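Close look at the chain arrangement
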Amino acid sequence: RMEAKSRRRATEDVASTEAVLDPLARQLAMRPQEFAHFLRSLGTDLSPQGLARQMRASSAPLITAAQAKQLLETLRTRGEGDYRYFHVLCSRVADPWHLNAEDHGIGFCYYGCGVNSDRDEFVARLLGDSDKDTVAAIFWRLLRGRIRFDSDGMPSWVLGGAFADENFWTGDDVRLVRDEMRARMVHEVPDVIVSCRHAEGSVRCTTLGGADVGAFAVPADGDPYGDWLGKAVAEAAPHPGRVCLVGASGQVLWRSEHAPSAFERACARLRL
């Protein structure tokens, strides 16, 4: 209840909104120590495409707006004037609401979140009902324009969008982002496996970890492993993913319908 109240307040106040979004976005970007190493390891014979390649090879291919500013200043000091550096860096910023014209030049125009009330309204929309839903929305904002989305708002996971020749996003970038989404459990919803055994008019169900889900009386003249059991288990042990019942020999007895992932919920909610 307190979390929901905090999020409602955040949608009405820009600073509160950013206070929710910023720490979640920083978790997706290079850690300070990683970034310091990345900055030191920049090659002397660099190109925009080479920078994109070096970011893909790093431990974390995403950066914050503050890190993008520092990299752009470093490149400027070295006399690197290719405009494509703005595309490479700003297209990989995890907190694009902090991009601005003064620090990020044309990168703000192409990858920022707008200005004034339009920006504030758009950024507030990224807030979800939970941290996981909000992180999924941050990934949605990052991928918008990098991959194609179908007419229903769902991703096709096909590389596509404007400025691909400038930001040098490749299929490897998309795979790295999807891997990060899986690691944070926003891209796919894992099944919960429940083992069931019938004995003496009831079915005892436990999780694979041994936790007791319950004992369920078999309806008169009913199939011990019929649909009724799956519904009873799903009600007794609510889970955001699919519930899968297995028998003593490992055979699948019942599986609930597909449950949308946090990213799919974000795509539906933020569909343009």
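Placed above this text is the structure.
Just so it is clear, the model here is predicted, and its values are computed rather than measured.

Observations regarding the side chain of aspartate 133
Turning to its location among the elements, aspartate 133 is positioned in helix 10 (residues 131–143). With near-sequence residues (within four places) excluded, aspartate 133 lies in contact with Gly128, Ala262, Arg265 and Arg269.

A look at helix 13 (residues 227–236)
Taken together, the buried positions of helix 13 are occupied by Leu229, Gly230, Ala232 and Val233. Projected down its long axis, helix 13 shows its buried positions confined to an angular sector of 165 degrees, all on one face. Residues Asp227, Lys231 and Glu235 are exposed on helix 13 and point more than 90 degrees away from its buried face.

Some remarks on the pattern of salt bridges
Enumeration over the complete set of coordinates arrives at 12 salt bridges. A salt bridge links arginine 84 to aspartate 82; the shortest N-O distance between them is 2.8 Å. On the basis of relative accessible area, aspartate 82 is assigned to the partly exposed category, the value being 24%. Ionic pairing is found between glutamate 188 and arginine 182, a salt bridge with its closest N-O pair at 3.4 Å.

Overview of the layout of surface pockets
To find the voids left in a structure, one rolls a probe of water-molecule size over its atoms. If you add up the space inside the largest pocket, you get close to 170 Å³. Lining the largest pocket are 13 residues, and of these Leu28, Ser59, Ala60, Pro61 and Glu180 lie nearest its centre. The element that contributes the greatest number of residues to the lining of the largest pocket is helix 12 (residues 171–183), accounting for three residues. Across the lining of the largest pocket, the residue classes break down as seven nonpolar, two polar and four charged.

Remarks on empty space enclosed by the protein
Applying the stated criterion to the full structure yields one cavity of 30 Å³ or more. Taken as a whole, the largest cavity spans an internal volume of roughly 40 Å³.

Quick look at unusual backbone geometry
The backbone of tryptophan 157 sits at a positive phi, close to 60 degrees, despite the residue not being glycine. Inspection of the secondary structure assignment puts tryptophan 157 in strand 2 (residues 155–159). Residue tryptophan 157 is classed as buried on the basis of its relative accessible area, which comes to 18%. In this structure, aspartate 221 takes a positive phi of about 60 degrees despite not being glycine.

Re the environment of valine 192
Of note, valine 192 is situated in strand 3 (residues 192–199). Separated by 162 residues in sequence, valine 192 and methionine 30 place their C-alpha atoms 32 Å apart. Setting aside anything within four residues of it in sequence, one finds valine 192 in contact with His239, Arg242, Val243 and Cys244.

Some words on the packing of aromatic side chains
Per the stated rule, a full pass over the model turns up five aromatic pairs. Ring plane angle 55 degrees and centroid distance 4.5 Å describe the contact between tyrosine 110 and phenylalanine 163, whose orientation is recorded as tilted. In this pair, tyrosine 110 sits in helix 8 (residues 106–111) while phenylalanine 163 sits in the loop between strand 2 and helix 11 (164–167), placing the two residues 53 residues apart along the sequence. Residue tyrosine 110 is classed as partly exposed on the basis of its relative accessible area of 41%. Directly above the aromatic system of tryptophan 157 lies the positively charged group of arginine 178, at a separation of 4.0 Å from the ring centroid.

Cut-offs and rules
Residues numbered from 1 in each chain as written. Predicted model: local features only at pLDDT ≥ 70, side-chain atom pairs only at ≥ 80, totals over all residues. Heavy atoms only, no water. Helix = DSSP H or I, 4+ residues; strand = E, 2+ residues; numbered from the N terminus. Contact = heavy atoms within 4.5 Å. Buried < 20%, exposed > 50% of the residue type's maximum accessible area, 1.4 Å probe, protein only. Arc of directions from axis to C-beta. Salt bridge = Lys/Arg side-chain N within 4 Å of Asp/Glu carboxyl O. 1 Å grid on protein atoms, 1.4 Å probe; cavity = no way out; pocket = protein on both sides within 12 Å on 5 of 7 lines; lining within 4 Å. Points joined across faces, edges and corners; volume = space filled by probe spheres on them. Nonpolar A, V, L, I, M, F, W, Y, C, P; charged D, E, K, R; others polar. Phe/Tyr/Trp six-rings, centres within 6.5 Å; stacked < 30°, edge-to-face > 60°. Lys NZ or Arg CZ within 6 Å of the ring centre and 35° of its normal.

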